[in-house]
Amino acid sequence: MKNNVVRASFVVAIIGIISKIMGTVRQSLIAYSFGQSALTDAYNSAYKIAFLSTVLLNASIVMVIIPIMDKAKTKEGLEGKNRFFNNASTLVLVLNIVLSIISVIGARLLVDLVSPGFSEEIKNITVDLVRIISPSIIFLGVSICLGAYQQSNFIFAPYAAVGIINNIVFYIYLLIMGKEASIYGLGIITSLGAVAQMIFMIPFMRKQDVAYKPHLDLQSDYMKDAMSMFMPLMLLQGVAQIDVFVTNALATNIDTGMVSVLDNAYRLFSAFMNLFVMTISTVLFPLLSEAFNKKDYTSIKKMVRDGMDFIALILIPASIGVIALATPIVQVVYERGKFTALDTEMTKAALIGYAIGMLGNGLKVFYNRLFISFQDSVIPFINVVFNTVSNVLLALLLIIPLSFRGLALAQGLAGILSAVLFMYHFKKKIPDIHYKTSIINFCKLFIIAAVMGVAVHYIYETIVSYIGNSNLQVLIAMSGAILVGLVIYIFGIYLLKIDSVIRWMDHFKKKVKR
């Protein structure tokens, strides 16, 4: 099993890297076609509104049905697991259809609430886009259910690859249309991408020992267990969206294009953060769920410590690196076509605000999934309320002196506070877990990353001063600086003797030699 998990982590990581790179290219193509304008503000706002149902419902599916499927299989075997899967999948399908209809009917009201600063013309466009995109949640719900079943069998690659399929659909449209692409066409492609993801998942399910048969029994014991977990989680996701929509509403009142500035910066930030956090969380989630059902707390503590150390190893240098190279990163990814140098400067400022909280937000995501794997939705709910309140209060406080920069920084700082609260609650749940070694490692990694960041910044500036600052030249300079930074970071790890990382590296070397 251990070797399978290591192999799965590697496969998911590779697929994730490809998907994230393709997603970044997709956003670059959108920026080329539309820039950061009132139209992209309309699309981004419509996307958030239409996919609110996905966030409320579909985002919780995996976290709920994987532990319950494992429980059903333990007690009743494969037949019990499959019966519960069909039951849960049918419920998800029905709820997504209902939520899609509600979004279409209530589109105008939702737009008025989420984007009060838009002009009447842009509001009308946003309403149209909400109605175009909303049906896609039905297909995404099916894909997520199929992915959850496969993940419960420790098969992670197919669902990890759906992002690649989605990106290909966008590429076809954006590459063909270029600057002639329409915002309504982008909305239609968004929905077609969801359909393509579902179609992609179906063949992989045929290899599983299950056949979908519509079945709905809300009175079964497993459905009752699922609903007892699901309702708090849905409420949790709803509360979590408050700060998203508050930030969106505040941004619409700053200036045209501010919603797009924040969204483009956040997508870059999340690409760095979610890749490794979601990889380790996705692979550990079924194992943690299984260990919890068996009361194997020794394995749980080891997986949690290793997960924390792995996240810190990646996200601490990533956050410092993003801050040091924010301008060239944004320039290389976005600055072409209708995306101007001024757009780059604004997006860079927002990206730095988000990057400050990269480790905190990464640990927050990890611990949220950790508690859900224990079938505990109370602590995640308490934490998301705290995170939402902190984010909104910080946003209202920081928007005055920092404008849109304050909105990004507020989320970064709220993520740090939320991670600390999660760690406190986990310590209460498992008192004999100790954070001292991990915290010492965090501090050492910050010192190493700070030195790396200063070096990377000056190396980049030096190279650019010699070769020029076109996009290609900036990419070359940035790549050279990053390579030097990586050498400094690895050297620092050995110099400061970060045991867990050195142990992983030695283990990896042995694997390579074999």
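Residues numbered from 1 in each chain as written. Predicted model: local features only at pLDDT ≥ 70, side-chain atom pairs only at ≥ 80, totals over all residues. Heavy atoms only, no water.

Any details on the overall build of the chain? Residues and values, ideally.
Across its full length, the chain carries 20 helices and zero strands. Counting all 514 residues of the chain, 56% fall into the buried class. Restricting the contact set of the chain to residue pairs at least 6 apart, pairs at least 24 apart contribute 84%. Summing over all exposed atoms, the chain offers an accessible surface of approximately 22,100 Å²; the carbon and sulfur share of this is 69%. (Helix = DSSP H or I, 4+ residues; strand = E, 2+ residues; numbered from the N terminus. Buried < 20%, exposed > 50% of the residue type's maximum accessible area, 1.4 Å probe, protein only. Contact = heavy atoms within 4.5 Å. Areas by Shrake-Rupley, 256 points an atom, 1.4 Å probe, with all protein chains shown as cover.)

Break down the packing of aromatic side chains for me, citing the residues and quoting the values.
Counted under the stated rule, the structure contains 13 aromatic pairs. Pairing Y266 with F269 gives two aromatic rings, centres 5.5 Å apart and planes at 50°, and the pair type is tilted. You can see Y266 and its partner F269 sitting in helix α11 (residues 258–293), three residues apart, about one turn around the helix. The partly exposed category is assigned to Y266, whose relative accessible area is 32%. On the accessibility criterion, F269 (1% relative accessible area) is buried. Centroid distance Y367 to F422: 6.2 Å. Interplanar angle 20°. Geometry classified as stacked. With a gap of 55 residues between them, Y367 in helix α15 (residues 358–373) and F422 in helix α17 (residues 404–429) connect regions that are remote in the sequence. A relative accessible area of 1% places F422 in the buried class. Over the face of the ring belonging to Y149 we find K81, whose NZ or CZ atom lies 4.7 Å from the ring centre. (Phe/Tyr/Trp six-rings, centres within 6.5 Å; stacked < 30°, edge-to-face > 60°. Lys NZ or Arg CZ within 6 Å of the ring centre and 35° of its normal.)

Break down the packing of helix α2 (residues 38–50) against helix α5 (residues 120–133) for me, with residues and values.
Following both chains from N to C, one finds α2 and α5 inclined at 40°, their axes separated by 8 Å at the closest point. Our classification of the angle between α2 and α5 gives oblique. Note that α2 runs across α5; the crossing there is right-handed. Counting all contacts with α2, which are made through A38, L39, A42, Y43, S45, A46, Y47, I49 and A50, the residues of α5 involved are I122, I125, T126, L129, V130 and I133. (Axes fitted to C-alpha atoms, helices over the stretch in contact; angles between N-to-C directions. Parallel < 35°, antiparallel > 145°, perpendicular 65-115°, else oblique. Left-handed = near helix turned anticlockwise from the far one by under 90°.)

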